[in-house]
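Tertiary structure, described
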Amino acid sequence: MAGPQWLDDDELAAWEPLAALMLLLVPRLDEATQPFGLTFFEYSALVVLERAPDQQLPMKQLAAVASASLSRASHAAKRLEGRGLVERSASPTDGRVTVVTLTAEGRDALVRAAPSHVDAVRRTIIDVLSRDEVVQLGHLAERIGAGLNPDGAPPSRR
């Protein structure tokens, strides 16, 4: 069995700041949505549902596009349902499948939290990059995301 293919200097120089960024970014985005009673993960799940056809998805698909385990997505959906932001129901075509639907209250929660979320995204990412770098970042993130989650990539606005 061959050993690992260690990162060279250029690869390490790209990886280390990316790893640090991943550790720093989610807590900053959580700070933006917490005043609205949402974690960044919950906010993201609501956004995915808002963009989905009929504003609903099977739980398994919601988990995939939210890059979460089925268990994590189920727990988040249960919390969101408890606050009236989503509804969970059995699929009309397959009773073994749970469907998660965004409610009017869930859309209202998104409307309230979105300005704070967008401000955090702007402050932490967009405003520190040039326009060309923002475009390049989008392309790079799509390529990396497609490799990580080819069947469940979140819907794109493009």
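Residues numbered from 1 in each chain as written. Predicted model: local features only at pLDDT ≥ 70, side-chain atom pairs only at ≥ 80, totals over all residues. Heavy atoms only, no water.

**Thoughts on the pairing of strand β3 (residues 98–102)**
Of all five residues in β3, four are buried; the element is thus mostly enclosed. When strand β1 (residues 56–58) meets β3, the two strands line up antiparallel, connected through three bridges. Paired with Q56 across the bridge in β3 is T101. Sheet topology places strand β2 (residues 86–90) next to β3; five bridges connect them, and they run antiparallel. Of the residues in β3, the one forming a bridge with A90 is T98. (Buried < 20%, exposed > 50% of the residue type's maximum accessible area, 1.4 Å probe, protein only. Helix = DSSP H or I, 4+ residues; strand = E, 2+ residues; numbered from the N terminus. Pairing = 2+ DSSP bridges.)

**Brief notes about the environment of A146**
When you line up the elements, A146 lands in helix α6 (residues 131–148). Once the C-alpha coordinates of A146 and L85 are considered, the two residues, 61 residues apart in sequence, prove to be 29 Å apart.

**Notes on the side chain of T103**
With respect to the helices and strands, the residue T103 is situated in the loop between β3 and α5 (104–124). Among the polar contacts made by the side chain of T103, one reaches the side chain of E105 at a distance of 3.3 Å. The contacts of T103, once residues within four sequence positions are left out, are G84, L85, V86 and E87. (Polar contact = N/O pair within 3.5 Å; in protein donor to acceptor, adjacent residues only side chain to side chain. Contact = heavy atoms within 4.5 Å.)

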